[in-house]
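Residues per chain are reported as follows:
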Amino acid sequence: MKRIIIVLTLLLGYLSPSVYGQLTLDSCQQRARANYPLVKRYNLIEKSNEYSLANAGKNYLPQFAVSAKATYQSDVTKMPVSIPGIAIEGVSKDQYGVTLDVTQSIWDGGTTQAQKRIIKAGSDVEKRQLDVEVYKLTDRVNQLYFGILLVDEQLEQNRLLQEDLERNYQRISGYAANGMANQADLDAVRVEQLKAIQQRTHAEATRKAYMEMLGVMTDLPLNQSSQLVKPDVEELSLTAEVKRPELQLFEAQENLFDVQRLKIKSAYMPKLNLFVQGGYGNPGLNMLENKFSAYYLGGVRLSWNFGALYTQKNDVRKLGLNKQDVSAQRETFLYNLAMETRQENTAIGKLKQLMTYDNEIITLRENVRKSAEAKVANGTLTVIELMREINAENLARQEKAAHEIELLLSLSNLKTTMNN
């Protein structure tokens, strides 16, 4: 029973965005990342890493090699003296042999261990690169999400405008019935109503397009009835710590270069192997016996190749240059990040300052509009001038709504920039 409840809870949590039609910014970002096709590469990288490590681990398994040869040589080994009464048969000039060599590594100078660490470090670099690509989705989701919220605010202001225009249309119609207005006055109001309807049609089409794109990114059946939750300013608060995936990528790249140093070192270390060779041929181990015979030999082989020392110093220097390059990339990234953060903070400060005047401007515009309506009723102001004041009030309300959404978008962009 408890398991059923858990399953139902998870199912409802998964379906809730489409069932209730409400989405949050965080859920959209998570859904977009989970639905991104490139995410499949995480599993592919992990599988490839497992196979490569398994192959590297097989370096310590016995190595088998079979070889066969048939040769003819111009001369063979002969006894330099002759012994009276004893015939010594010479070795045949055509010789044949088949051998099986078995080698067991005892110590490979740390090559296998270095190879495994390089595989793991390389896999980590690939994952961190993938993190950077997937993280770019966050900004795309932000633009769509807040674009939809801005359109929603525009639609709400359009609704209020149409109500205001309809109220004035009915009022002007009453004036016209009493001879205080004419058809031109009604036509002026009607023109503004039609323009408001056009604006709403355009906004609804824009919202539909944005919602469809967001639906594709999140793999959710979004439609015009789907609602997005406007985040609070507190939800978008952040700390000074930078947690961008690019920094983890730089760290992973530097770690890879450090591990590659071990591979360079292992190249000039001694190698110790056990070996066994079994064969069948003519001649065998006894070179003076001209017949096919089986043989075997075994032992310990120590090899030490000093050739790697010729290039070791330059190889290490190249790794050092690569680390310096990564360090320069990190510094450049942090520099650009600081510039971007400063610009976003400036934009946030500007919007907050603008918003301190929005309510007062709306109040004043509302007073001017009401005064204009009274003047029209008294016949001291034309309807066209009234329409201008109504549009000015509507524009002030739209600017306030735009400032609010732009502030939230700027805060979200700053949070995305810092990955907080």
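Residues numbered from 1 in each chain as written. Predicted model: local features only at pLDDT ≥ 70, side-chain atom pairs only at ≥ 80, totals over all residues. Heavy atoms only, no water.

### Section: the nonpolar core
Grouped together as the largest cluster of nonpolar side chains are 30 residues, with contacts concentrated most on Phe146, Leu214 and Leu228. Of all elements in the fold, only helix H2 (25-35), helix H4 (111-135), helix H5 (137-177), helix H6 (183-218), helix H8 (309-378) and helix H9 (383-418) reach the threshold of two or more residues within this core. Setting aside anything within four residues of it in sequence, one finds Phe146 in contact with Leu25, Pro231, Ile405, Leu408, Leu409 and Ser412. Formed by 15 residues, the second largest nonpolar core is a distinct cluster that contains Ile172, Ala181, Leu186 and Val189. (Core = buried A, V, L, I, M, F, W, Y, C linked by side-chain atoms within 4.5 Å. Buried < 20%, exposed > 50% of the residue type's maximum accessible area, 1.4 Å probe, protein only. Helix = DSSP H or I, 4+ residues; strand = E, 2+ residues; numbered from the N terminus. Contact = heavy atoms within 4.5 Å.)

### Comments concerning the packing of H8 against H9
One way to put it is that H8 packs onto H9 with a least axis distance of 8 Å and a crossing angle of 160°. One element, H8, and the other, H9, form an angle in the roughly antiparallel class. Between H8 and H9 lies a crossing whose hand is left-handed. Within the contact of H8 with H9, the residues separate by chemical class into 20 nonpolar, 7 polar and 15 charged. (Axes fitted to C-alpha atoms, helices over the stretch in contact; angles between N-to-C directions. Parallel < 35°, antiparallel > 145°, perpendicular 65-115°, else oblique. Left-handed = near helix turned anticlockwise from the far one by under 90°. Nonpolar A, V, L, I, M, F, W, Y, C, P; charged D, E, K, R; others polar.)

### Overview of the layout of surface pockets
There is about 210 Å³ of room inside the second largest pocket. Along the walls of the second largest pocket sit 16 residues, with Lys69, Tyr96, Gly97, Pro283 and Tyr295 positioned nearest its centre. Only strand S2 (63-72), strand S3 (94-107) and strand S5 (271-282) provide two or more residues apiece to the lining of the second largest pocket. Looking at the lining of the second largest pocket, the element that brings in the most residues is S3, giving 5 residues. Grouping the amino acids of the lining of the second largest pocket by side-chain chemistry returns 7 nonpolar, 8 polar and 1 charged. (1 Å grid on protein atoms, 1.4 Å probe; cavity = no way out; pocket = protein on both sides within 12 Å on 5 of 7 lines; lining within 4 Å. Points joined across faces, edges and corners; volume = space filled by probe spheres on them.)

### Structural notes on the sheet that holds strand S6 (residues 293-303)
In space, the 4 strands of this open sheet follow the order S2-S3-S5-S6, with antiparallel pairing throughout. Lying at the two open borders of the sheet, with one neighbouring strand each, are S2 and S6. Along the sheet, successive strands turn relative to each other by an average axial angle of 20°, direction set aside. Here 11 bridges tie S5 to S6, and the two strands are oriented antiparallel to one another. Each bridged residue has a counterpart across the sheet, and for Leu272 the counterpart in S6 is Leu302. (Pairing = 2+ DSSP bridges.)

### What to know about the pattern of salt bridges
As enumerated under the stated definition, the model contains 24 salt bridges in all. Between Glu133 and Lys136 there is a salt bridge whose closest N-O contact spans 3.4 Å. By relative accessible area, Lys136 is classed as partly exposed at 47%. Its salt-bridge partner being Asp258, residue Lys323 comes within 3.0 Å of it at the nearest N-O pair. You can see Lys323 sitting in helix H8 and its partner Asp258 sitting in helix H7 (residues 245-267), a full 65 residues away along the chain. Residue classification places Lys323 among the partly exposed residues on the basis of a relative accessible area of 26%. (Salt bridge = Lys/Arg side-chain N within 4 Å of Asp/Glu carboxyl O.)

### Concerning the confidence of the model for the chain
When the pLDDT values of the chain are averaged, the result is 86; 91% of them are 70 or greater. Segment residues 1-20 is flagged for pLDDT under 50; beyond a separation of four residues in sequence, or across chains, it makes 6 contacts in the model. (pLDDT = per-residue confidence, 0-100.)

### Observations concerning the pairing of S3
Across a regular strand the side chains alternate sides, sitting on one face of the sheet and then on the other. Of the strand pairs in this sheet, S2 and S3 are connected by 10 bridges, and their pairing is antiparallel. In the strand pairing of S3, Tyr72 is matched with Asp94. Here 11 bridges tie S3 to S5, and the two strands are oriented antiparallel to one another. The residue of S5 that forms the bridge with Gln104 is Leu274.

### Quick notes on a nonpolar patch on the surface
A cluster of nonpolar side chains, Tyr60, Ile106, Trp107, Leu274 and Val300, forms an exposed patch at the surface whose accessible area comes to about 460 Å². Since its relative accessible area comes to 33%, Tyr60 is described here as partly exposed. (Patch = residues over 30% accessible without salt bridge, like charges linked within 9 Å, V, L, I, M, F, W, Y side chains within 5 Å. Areas by Shrake-Rupley, 256 points an atom, 1.4 Å probe, with all protein chains shown as cover.)

### Some remarks on the side chain of Glu192
Tracing the sequence through the fold places Glu192 in helix H6. The class for Glu192 is buried, based on a relative accessible area of 13%. Once you skip the residues sitting within four places of it in the chain, Glu192 turns out to touch Leu165, Met387 and Asn391.

### Considering the packing of H2 against H6
Orientation of H2 relative to H6, taken along the N-to-C sense of each, is 55°, at an axis distance of 7 Å. Relative to H6, the element H2 is oriented oblique. Across the interface between the two elements, Cys28, Arg31, Ala32 and Asn35 of H2 pack against Leu214, Val216, Met217 and Thr218 of H6.

### A short note on the side chain of Glu246
By the secondary structure assignment, Glu246 is in helix H7. Overall, Glu246 belongs to the buried group, its relative accessible area being 12%. The residues contacting Glu246, other than those within four sequence positions of it, are Val132 and Phe333.

### Focus on the packing of aromatic side chains
Tallied over the entire structure, the rule returns 5 aromatic pairs. Between Tyr96 and Phe292 the ring centres are 6.1 Å apart and the planes differ by 25°, which places this aromatic pair in the stacked class. With Tyr96 in strand S3 and Phe292 in the loop between S5 and S6, this residue pair connects regions lying 196 residues apart in the sequence. A relative accessible area of 35% places Tyr96 in the partly exposed class. Between the aromatic rings of Phe250 and Phe333, the centroid separation amounts to 6.0 Å while the plane-to-plane angle is 70°, which identifies the pairing as edge-to-face. On the criterion of sequence distance, the pair formed by Phe250 in helix H7 and Phe333 in helix H8 is long-range, its members being 83 residues apart. Arg301 extends its terminal NZ or CZ atom over the ring of Phe275, reaching a point 4.2 Å from the ring centre. (Phe/Tyr/Trp six-rings, centres within 6.5 Å; stacked < 30°, edge-to-face > 60°. Lys NZ or Arg CZ within 6 Å of the ring centre and 35° of its normal.)

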